[in-house]
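Given next are the chains, with one letter for each unit.
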Amino acid sequence: MPSYKLVYFNARARAELSRLIFKATGTPFEDVRLEHGTGAWPGEWEAKCPFGQLPLLYVDGKVLAQSKAIARYLAREFNLAGKTNWDQARADMILDQFEDIGTEIYKFMFEKDAAKKAELSEKFNSETLPRHLGYLENLLKENNGGTGFFVGDSLTWADLALANAYDHLGGTDAPFANSPLLAGLIKRIRATPSVAEWISTRPQTPF
């Protein structure tokens, strides 16, 4: 088996989906977490990054950058990308949808004007997020009534991306009150023994 080393900050953020893929498949990896202000970043690491940013994945010493490329590579390696080309494209589509949600979150997360931040946050929670979750709820329902997975009849990285989004959206069931199928899938994924163990033992970080 190849050796894997994932390098990121001490945060979930853009590396957590890849960590979940490792954990869901029982694949050992080195989880390297850099702390801001300690000299580790940018320090020696920035020069090692093809695009000057983290995360990085080392596979037997070879390096891969960009969070989505890393997660997609791991999904393909561990048979979580989808069993057919169509299923893979559908899973990719769902990942792009989560990326769109993330873009909307960043609009207010880093807003410095308090009044503007509150306005953008309120609009996101009352309008934007329910709309996006509605799209995902419909896609899940299209696949065997929504009682299984987003794609096909087995776990893919699209399902893990939903479980990961749960944390980014506050780690509560509230955002999914009108999306019962999504809520059910989240519970099933997070109850998987390997994933549940990781969630309970991983470093606790604000994001």
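The structure under discussion appears in the preceding block.
These figures come from a predicted structure and were not determined experimentally.

Turning next to the overall build of the protein. What the protein contains, in helices and strands, is seven helices and four strands. For the protein, whose C-alpha radius of gyration is 17 Å, the value lies close to the compact-globule estimate of 17 Å for 207 residues. Taken over the C-alpha atoms alone, the protein extends approximately 45 × 45 × 30 Å along its principal axes. Residue burial in the protein is summarised as follows: out of 207 residues, 43% are buried. Summed over its atoms, the accessible surface of the protein is roughly 10,800 Å², and 53% of this surface lies on carbon and sulfur atoms.

Let us look at the packing of aromatic side chains. Under the definition given, this model contains ten aromatic pairs. Through a chain of ring-to-ring contacts, the aromatic side chains of Tyr4, Phe22, Phe29 and Phe78 assemble into a single cluster. Positioned above the aromatic ring of Tyr58, the side-chain terminus of Lys5 is 5.1 Å from the ring centre. The side chain of Lys48 reaches across the aromatic face of Trp45, ending 4.4 Å from its centre.

What follows covers the side chain of Asp87. Residue placement: Asp87 occurs in helix α3 (residues 85-109). Arg90 is the oppositely charged side chain nearest to the buried, salt-bridge-free Asp87, at an N-O distance of 6.6 Å. If near-sequence neighbours (up to four positions away) are discounted, Asp87 is found in contact with Ala81, Gly82, Val151 and Gly152.

This paragraph deals with the packing of helix α1 (residues 16-24) against helix α7 (residues 193-201). Two numbers describe how α1 lies on α7: the axes approach to 8 Å, and their chain directions differ by 130°. Judged by the inter-axis angle, α1 sits oblique to α7. Crossing geometry of α1 relative to α7 is assigned as right-handed. Contact residues: α1 offers Glu16, Arg19, Leu20, Lys23 and Ala24, while α7 offers Ser194, Val195 and Trp198. Classifying every residue of the contact of α1 with α7 by side-chain character gives four nonpolar, one polar and three charged.

The next point concerns the nonpolar core. Most often, soluble globular proteins have nonpolar side chains that are buried together. Ranked by internal contacts, the top residues of the largest apolar core, which has 60 residues, are Ile21, Leu54, Phe150 and Phe176. The element best represented in this core is helix α5 (residues 157-168), accounting for eight residues. Setting aside anything within four residues of it in sequence, one finds Ile21 in contact with Ala71, Leu74, Ala75, Phe78, Leu80, Trp157 and Leu160.

All right, on to a nonpolar patch on the surface then. Taken together, the side chains of Tyr106, Met109 and Phe110 present a nonpolar region at the surface, about 300 Å² in accessible area. With respect to the helices, strands and loops of the structure, Met109 is situated in helix α3.

With respect to topology, four strands assemble into an open sheet ordered β2-β1-β3-β4, the strand pairing being mixed. Two strands close off the open sheet at either side, each with one partner strand: β2 (30-34) and β4 (62-65). On average, each strand axis in the sheet is tilted by 20° relative to the strand beside it, whichever way the strands run. One ladder, built from five bridges, connects strand β1 (residues 4-9) with β2; its direction is parallel. When the bridges of β2 are listed, Tyr8 appears paired with Arg33. Lying over the sheet, α1 contacts β1, β2 and β3 (56-59), oriented at roughly 150° with respect to β1.

Along the polypeptide, Gly152 turns up in the loop between α4 (114-142) and α5. The class for Gly152 is partly exposed, based on a relative accessible area of 23%. For the pair formed by Gly152 and Asp87, sequence separation is 65 residues and the distance between their alpha carbons is 6.7 Å. With sequence-adjacent residues up to four places away left out, Gly152 is seen in contact with Asp87, Asn143 and Asn144.

Calculation criteria
- Residues numbered from 1 in each chain as written.
- Predicted model: local features only at pLDDT ≥ 70, side-chain atom pairs only at ≥ 80, totals over all residues.
- Heavy atoms only, no water.
- Helix = DSSP H or I, 4+ residues; strand = E, 2+ residues; numbered from the N terminus.
- Rg over C-alpha atoms; globule rule 2.2 N^0.38 Å.
- Buried < 20%, exposed > 50% of the residue type's maximum accessible area, 1.4 Å probe, protein only.
- Areas by Shrake-Rupley, 256 points an atom, 1.4 Å probe, with all protein chains shown as cover.
- Phe/Tyr/Trp six-rings, centres within 6.5 Å; stacked < 30°, edge-to-face > 60°.
- Lys NZ or Arg CZ within 6 Å of the ring centre and 35° of its normal.
- Lys, Arg positive; Asp, Glu negative; His and termini not counted.
- Salt bridge = Lys/Arg side-chain N within 4 Å of Asp/Glu carboxyl O.
- Contact = heavy atoms within 4.5 Å.
- Axes fitted to C-alpha atoms, helices over the stretch in contact; angles between N-to-C directions.
- Parallel < 35°, antiparallel > 145°, perpendicular 65-115°, else oblique.
- Left-handed = near helix turned anticlockwise from the far one by under 90°.
- Nonpolar A, V, L, I, M, F, W, Y, C, P; charged D, E, K, R; others polar.
- Core = buried A, V, L, I, M, F, W, Y, C linked by side-chain atoms within 4.5 Å.
- Patch = residues over 30% accessible without salt bridge, like charges linked within 9 Å, V, L, I, M, F, W, Y side chains within 5 Å.
- Pairing = 2+ DSSP bridges.

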